[in-house]
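Tertiary structure, described
Residues per chain, in single letters:
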Amino acid sequence: MSRLLVKNIIAENIMDVDATVKGWIRSVRNSKKFSFIVLNDGSCQDSLQIVVDDVLPNYADVASLLSGSAVAITGRLVKGGGKVQSIEMQAKSIEIIGRVDETYPLQKKATSLEFLREQAHLRIRTNTFGAVMRVRHHLAMATHEFFSKRGFFYLNSPIISGVDAEGAGEMFTVSTLATHASKAPKTKEGNFDFSKDYFGKETYLAVTGQLEGECYAMGLGAIYTFGPTFRSENSNTTRHLSEFWMIEPEVAFADLDEIADLAADYIKFLISYALEHAHKELEFLMSREDSTAAKNHMEILKHVRDSKFHRVTYTEAMEILSKVDPKVKKFEYPTEWGCELQTEHERYLAEEHFKMPVIVTDYPKEFKAFYMKLNPDGKTVRAMDILVPGIGEIIGGSQREDNLERLTKRMDEMNMQQEPLWWYLDLRRFGSVPHAGFGLGFERAIMYITGMNNIRDVIPFPRTPKNCDF
Ligand code: 4AD
Ligand code: MG
């Protein structure tokens, strides 16, 4: 008997044939001569209703099964009786593969998102996480399709790195010695002697794949990385993870405007791909009782997909913010030129002022990494952040400083050592070209599109300060 996925049965409207389905029972409802099993196999948002006649030899066993049990059911696919389900199965035989008892943690009630975070594998048995993880999959596929079709090559940048490319100092050290702290080798000055460590120097989990990506863009023309990145920033918020995934396209011969257009097109493509491939998932997520997404989230997504993103400079953004009537909105942090754009500012711009994703460019150089291109004003750099309603920053990027002299001058100003980055400086030494790129936080994009409001609920195993279960 051929095994079918529920997804195919529904999408292809497969009826009047015998088939086998395998999955986990969501519920069993017993009536006098029949039982109704709702079976989910994870392949799609829909479950399949199975009608079980009491003439089946193991009927009593089947009727006593609890939610969560694993079964293989063979039967005839027929037109469904109910209004919602177009197809159901009349069972001919049921094999019980894995049982559960009353200790099964997923009872119908009390499955809050917080509770589910503690359920390593059972979390994915719920409609909510099934939906989120399928959307996540589709957004990953969309990413490869988008960049590949535009001639970008997929580059695997290293996960272990010797540099703090963002200069924020929020890195996890990679060491085989640090675990035995008492026996750790010390330098004359009493510091940890990394020259005796595995790599013979201090190494970290990568905070970005950008600099390595840039190397390859300087030969392949355009690349994108898509991998895990690690930051030890101590931010216990709904938008920060210690391990998150980032997509970083790097483009040779490109300036900030080109990369800003690329970023906007990419976000729009992600939205349209999700609407096309995961429509039922998105609809389900919007309809959840504890969904905080706007009632018209789907309409908002379609609007964003079809509209031009606003673009303002940091200076213009600060002007907008400083004119906001404190009676309407009081900011905690100052809005003068030279102050950081805080999350509250980012969200005000995207949610209240523009009501759309907005691209903010040309930030003061003090807030940004060493590699960004200095503007002629000598004060700002060709940076861009894309801010979206509900989240704030979703993308950070820039045009890179392609002039070796200005780049090393900036590193000196920032008290950065040039020696560890000799290989990066070589990019500007041999055949340097204008260069730009950005990084999209994958989980933030999933949050934005699904309307989920905690980043821990859009990644399979969240890592955050003081939390690394499973
Ligand atoms: O703005 P960031 O730090 O930029 C870079 O890392 C550059 N190297 C990118 C580039 O130009 N190639 O990070 C990029 C994005 C942010 O906009 C945000 O969406 C996400 O990564 N991000 C995080 N997501 C989850 N948890 C965290 N702790 C994050 N930190 C940054
Ligand atoms: Mg940033």
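For clarity, every value in this text was computed on a predicted model and none was experimentally measured. The numbers attached to residues start from 1 for each chain and follow its sequence in the written order. To label them, take the chains in the order written and letter them from A, then take the ligands in the order written and number them from 1. A pLDDT threshold of at least 70 governs which residues receive local features in this predicted model, and a stricter bar of 80 or more applies before side-chain atom pairs are shown or counted, although totals over entire chains, interfaces and linings include all residues. As a rule here, side-chain values cover all heavy atoms of the structure and leave hydrogens and water aside.

Points about the pairing of strand 11 (residues 243-252)
- Burial runs high along strand 11: eight of the ten residues are buried.
- Pairing between strands is defined by DSSP: at least two bridges between the two strands are required. Numbering goes from the N terminus for both helices and strands, where a helix is a DSSP run of H or I of at least four residues and a strand is a run of E of at least two. Pairing between strand 11 and strand 16 (residues 435-441): five bridges, direction antiparallel. Bridge assignment links Val251 to a residue of strand 16, and that residue is Ala436. Here the term buried applies to any residue with accessible area under 20% of the maximum for its type, exposed to any over 50%, and partly exposed to those in between, with areas from a 1.4 Å probe on protein chains only.

Concerning the sheet that holds strand 2 (residues 34-40)
- The five strands lie next to each other as 1-2-3-5-4, forming a closed barrel whose pairing is mixed. The sheet shows a mean angle of 55° between the axes of neighbouring strands, direction not considered.
- With six bridges connecting them, strand 1 (residues 18-30) and strand 2 associate as antiparallel partners. Bridge pairing links Ile25 to Leu39 in strand 2. To obtain an axis, a line is fitted to C-alpha atoms, over the contacting stretch when the element is a helix, and the angle between two such axes runs from 0 to 180 degrees between their N-to-C directions.

Points about the nonpolar core
- Ranked by internal contacts, the top residues of the largest apolar core, which has 101 residues, are Val360 and Phe438.
- The element best represented in this core is helix 6 (residues 256-277), accounting for 13 residues.
- Listed in part, the 26 residues of the second largest apolar core include Ile14, Ile37, Leu39 and Met89. Take the buried residues of types Ala, Val, Leu, Ile, Met, Phe, Trp, Tyr and Cys, join any two whose side-chain atoms come within 4.5 Å, and each joined set is a nonpolar core.

Concerning the layout of surface pockets
- Residues are called lining when one of their atoms sits within 4 Å of a cavity or pocket point, these points coming from a 1 Å grid over the protein atoms alone, where a cavity is a set in which a 1.4 Å probe fits but cannot get out and a pocket is an open set with protein on both sides within 12 Å along at least five of seven lines. Grid points are joined across faces, edges and corners, and a volume is the space filled by probe spheres set on the points. Taken as a whole, the second largest pocket spans an internal volume of roughly 1100 Å³.
- The wall of the second largest pocket is formed by 40 residues, among which Arg26, Arg125, Thr126, Asn127 and Thr128 lie closest to the centre.
- Going through the elements one at a time, strand 1, strand 2, helix 3 (113-117), helix 4 (127-149) and helix 7 (279-287) are the ones with two or more residues in the lining of the second largest pocket.
- Under the grouping applied here, Gly and all other residues not named as nonpolar or charged are polar, the nonpolar ones being Ala, Val, Leu, Ile, Met, Phe, Trp, Tyr, Cys and Pro and the charged ones Asp, Glu, Lys and Arg. Among the residues forming the lining of the second largest pocket, the class breakdown is 13 nonpolar, 16 polar and eleven charged.
- For the domain bounds, the source is a domain assignment made automatically or taken from a database. The two domains that each donate at least three residues to the lining of the second largest pocket are domain 1 (6-104) and domain 2 (125-171 + 207-457).

Focus: a nonpolar patch on the surface
- Two distance rules govern patches: like charges are joined within 9 Å, and nonpolar side chains (Val, Leu, Ile, Met, Phe, Trp, Tyr) within 5 Å, applied only to residues with over 30% relative accessible area and no salt bridge. Surface exposure here means Shrake-Rupley accessible area, sampled with a 1.4 Å probe, where a residue is shielded only by the protein chains that are shown. A side-chain nitrogen of Lys or Arg and a carboxyl oxygen of Asp or Glu constitute a salt bridge if their distance falls within 4 Å. A cluster of nonpolar side chains, contributed by Ile159, Ile160, Tyr198 and Phe199, occupies part of the molecular surface with about 410 Å² of accessible area.
- Topologically, Ile160 is positioned in strand 7 (residues 160-161).

Describing the environment of Ile25
- Position of Ile25 among the secondary structure elements: in strand 1.
- In sequence terms Ile25 and Asn40 are 15 residues apart; their C-alpha atoms lie 6.4 Å from each other.
- Note on contacts: a residue pair is in contact if any heavy atoms of the two residues lie within 4.5 Å. Residues in contact with Ile25, not counting those within four places in the same chain, are Ile37, Val38, Leu39, Leu65, Leu66, Ser67, Gly68, Ser69 and Val71.

Focus: the side chain of Arg400
- Structurally, Arg400 is set in the loop between strand 15 (392-399) and helix 11 (404-413).
- Owing to a relative accessible area of 1%, Arg400 belongs among the buried residues under this scheme.
- Any pair of nitrogen or oxygen atoms within 3.5 Å is treated as a polar contact; in protein, a donor-acceptor pairing is required on top of that, and neighbouring residues in sequence qualify only through side-chain atoms on both sides. Among the polar contacts listed, one links the side chain of Arg400 to the side chain of Glu250, at a separation of 2.8 Å.

Some points on the site of ligand 1
- Close to ligand 1 lie 25 residues, the nearest being Glu166, Gln210, Glu233, Glu248 and Glu393.
- Residue Glu250 places a side-chain N or O atom 3.2 Å away from a nitrogen atom belonging to ligand 1.
- The separation between an oxygen atom of ligand 1 and a polar side-chain atom of Arg400 is 3.0 Å.
- Protein contacts shield 93% of the accessible area of ligand 1, which totals 630 Å² for the unbound molecule.
- If one sorts the elements of the shell around ligand 1 by residue count, strand 15 sits on top with five residues.
- Taken together, the residues of the shell around ligand 1 sort by class into eight nonpolar, eight polar and nine charged. By convention in these notes, a residue is near a molecule or strand provided one of its non-hydrogen atoms lies within 4 Å of it.

Looking at the domain arrangement of the protein chain
- Assigned domains of the protein chain: these are domain 1 (6-104) and domain 2 (125-171 + 207-457).
- Computed over C-alpha atoms only, the centres of domain 1 and domain 2 are separated by 44 Å.
- Between domain 1 and domain 2, the residue contacts involve ten residues of the former and eight residues of the latter.
- Taken together, the two surfaces of domain 1 and domain 2 that pack against each other cover about 750 Å², and 30% of this comes from carbon and sulfur.
- Taken as a group, Trp24, Arg26 and Gln45 account for 66% of the area that domain 1 buries against domain 2, more than any other trio of residues on that side.
- The tally of links between domain 1 and domain 2 comes to one salt bridge.
- Between Lys280 and Asp46 there is a salt bridge, with its nearest N and O atoms 2.7 Å apart.
- Our enumeration of links across domain 1 and domain 2 arrives at nine residue pairs in polar contact (both at pLDDT 80 or more). Buried area, as used here, totals the accessible surface that two parts lose on assembly, with accessibility defined by a 1.4 Å probe and the loss added over both.

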